[in-house]
Amino acid sequence: QQQVKQSPQSLIVQKGGISIINCAYENTAFDYFPWYQQFPGKGPALLIAIRPDVSEKKEGRFTISFNKSAKQFSLHIMDSQPGDSATYFCALYPPRGFGNEKLTFGTGTRLTIIP
Amino acid sequence: DAGVTQSPTHLIKTRGQHVTLRCSPISGHKSVSWYQQVLGQGPQFIFQYYEKEERGRGNFPDRFSARQFPNYSSELNVNALLLGDSALYLCASWVGPENIQYFGAGTRLSVL
């Protein structure tokens, strides 16, 4: 079964700093690589996603960097704020086709932004 | 517009009992998936349904079953509950072509 290795497990960053979370995957083609943000008591919410034909995508303070040859992608949160404190999951999404639209999630990173 | 809604929000059961969890997708979404999220881990895929048909199944025992109704809502059933079934059960719905999955808040199941 496809696995996604996510690191670090937990991360503490000072307010205004840069938070970086990394994910690595194995040998399979995927349609896109999303990052989900989850607050306690809530379901995961899509934060940002990238397709494999793009090396970087930026939305506001959030940036995904994608290295196809290394099978790695990372989330960068610039100017981290206390409201960013949450658990972040990377995920893999296979090529479209009925019966195949399942997300494979990483193990999660608990991010804490301190003043 | 309402997002994905799940009920109940919390549930406490004892070993051996069965449970039914419910999910209403976002209006217009015909696909629904169920995931299990054990504390401290990422969600694990259980089932996918489209137009009332099962389109995918994860690595879960036959004690887990689901169905989708004509209005695209869905139920997840778990029989003969085990302590290890304690988890947050998430429902997601989506519609093509982007296939972005939107999650509900989940049902927290505790098996004692």
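First things first, this report covers the structure right here in the doc. (Residues numbered from 1 in each chain as written. Chains lettered and ligands numbered in written order. Predicted model: local features only at pLDDT ≥ 70, side-chain atom pairs only at ≥ 80, totals over all residues. Heavy atoms only, no water.)

1. So, the sheet that holds strand β8 (residues 72–77) of chain A
All names here are of chain A. Quick note on the threshold: Each pair of strands is called paired provided DSSP finds at least two bridges between the two strands. A run of H or I in DSSP counts as a helix once it spans at least four residues, and a run of E counts as a strand once it spans at least two, with each numbered from the N terminus. Here the axes come from fitting lines to C-alpha atoms, over the contacting stretch only for helices, and the angles between their N-to-C directions go from 0 to 180 degrees.
Strand order in the open sheet made by the five strands is β1-β3-β8-β7-β6, with antiparallel pairing throughout. Strands at the two margins of the open sheet, each flanked by one partner only, are β1 (4–7) and β6 (56–59). Within this sheet the neighbouring strands show an average axis-to-axis angle of 15°, counted without direction.

2. Focus on the interface of chain B and chain A
Put simply, the rule is: Any two residues whose heavy atoms approach within 4.5 Å are treated as being in contact. Buried area, as used here, totals the accessible surface that two parts lose on assembly, with accessibility defined by a 1.4 Å probe and the loss added over both. We define a salt bridge as a side-chain nitrogen of Lys or Arg found within 4 Å of a carboxyl oxygen belonging to Asp or Glu. Nitrogen and oxygen atoms within 3.5 Å of one another constitute a polar contact, given that in protein one can donate a hydrogen and the other can accept it, and given that sequence-neighbouring residues count only through two side-chain atoms.
Of the residues lining the interface, 24 residues belong to chain B; the matching set on chain A comes to 22 residues. Carbon and sulfur atoms supply 52% of the area that chain B and chain A bury against each other, a total of about 1700 Å² over both sides. By the criterion of area lost to chain A, the three top residues of chain B are Asn99, Gln101 and Phe103 of chain B, representing 24% of everything that side buries. Our count for the contact surface shared by chain B and chain A stands at zero salt bridges. Here chain B and chain A share three residue pairs in polar contact (both at pLDDT 80 or more) between them.

3. A word on the nonpolar core
The condition that has to hold: By nonpolar core we mean a set of buried residues, namely Ala, Val, Leu, Ile, Met, Phe, Trp, Tyr and Cys, connected to one another through side-chain atoms within 4.5 Å. Burial classes: relative accessible area under 20% of the type maximum marks a residue as buried, over 50% as exposed, and values in between as partly exposed (1.4 Å probe, protein chains only).
The biggest cluster of nonpolar side chains holds 24 residues, and the ones touching the most others in it are Phe33, Trp35, Phe73, Leu75 and Tyr88 of chain A. Mapped onto this core, the elements with two or more residues apiece are β2 (10–14), β3 (19–25), β4 (33–38), β5 (45–50), β7 (62–67), β8, β9 (86–92) and β11 (109–114) of chain A. Counting residues per element, this core draws most heavily on β9 of chain A, which supplies four residues. By size, the runner-up hydrophobic cluster in this structure holds 22 residues, among which are Leu21, Trp34, Leu81 and Leu109 of chain B.

4. Some details on the packing of aromatic side chains
Stated formally: Only centres within 6.5 Å qualify two rings of Phe, Tyr or Trp (six-membered ring in Trp) as a pair; their planes then separate them into stacked at under 30 degrees, edge-to-face at over 60, and tilted for everything else.
Counted by the stated rule, this structure contains 17 aromatic pairs over all chains. Residues Phe105 of chain A and Tyr35 of chain B carry aromatic rings whose centres are separated by 5.9 Å and whose planes lie at 90° to one another, so their mutual orientation is edge-to-face. Here Phe105 of chain A is found in strand β10 (residues 104–105), whereas its partner Tyr35 of chain B is found in strand β4 (residues 31–37) on a different chain. The same class applies to Phe105 of chain A and to Tyr35 of chain B, which are both buried.

5. As for the pattern of salt bridges
Residue and element names in this part refer to chain B. Evaluation of the coordinates by the stated rule reveals nine salt bridges over all chains. A salt bridge links Glu51 to Lys30; its shortest N-O distance comes to 3.6 Å. Highlighted residues: Glu51 in the loop between β5 (44–50) and β6 (53–57) and Lys30 in the loop between β3 (19–24) and β4, separated in sequence by 21 residues. For Lys30, a relative accessible area of 33% corresponds to the partly exposed category. The residue Glu75 makes a salt bridge to Arg67 at a minimum N-O spacing of 3.3 Å. Overall, Arg67 belongs to the partly exposed group, its relative accessible area being 45%. Here the residues in one salt-bridge network are Arg22, Arg67 and Glu75, joined through shared partners.

6. Looking at the side chain of Gln37 of chain B
Relative to the helices and strands, Gln37 of chain B resides in strand β4. Overall, Gln37 of chain B belongs to the buried group, its relative accessible area being 7%. A polar atom in the side chain of Gln37 of chain B sits 2.9 Å from the side chain of Gln38 of chain A.

7. Details of unusual backbone geometry
Of note, the bond from Ser7 of chain A into Pro8 of chain A is cis; its omega dihedral lies within 30 degrees of zero at -5°. Within the secondary structure, Pro8 of chain A sits in the loop between β1 and β2. Its identity as a non-glycine residue notwithstanding, Asp79 of chain A has a phi of 45°, on the positive side. You can see Asp79 of chain A is positioned in the loop between β8 and β9. On the accessibility criterion, Asp79 of chain A (40% relative accessible area) is partly exposed. With a phi angle near 50°, Glu51 of chain B is a residue other than glycine that sits in the positive phi range.

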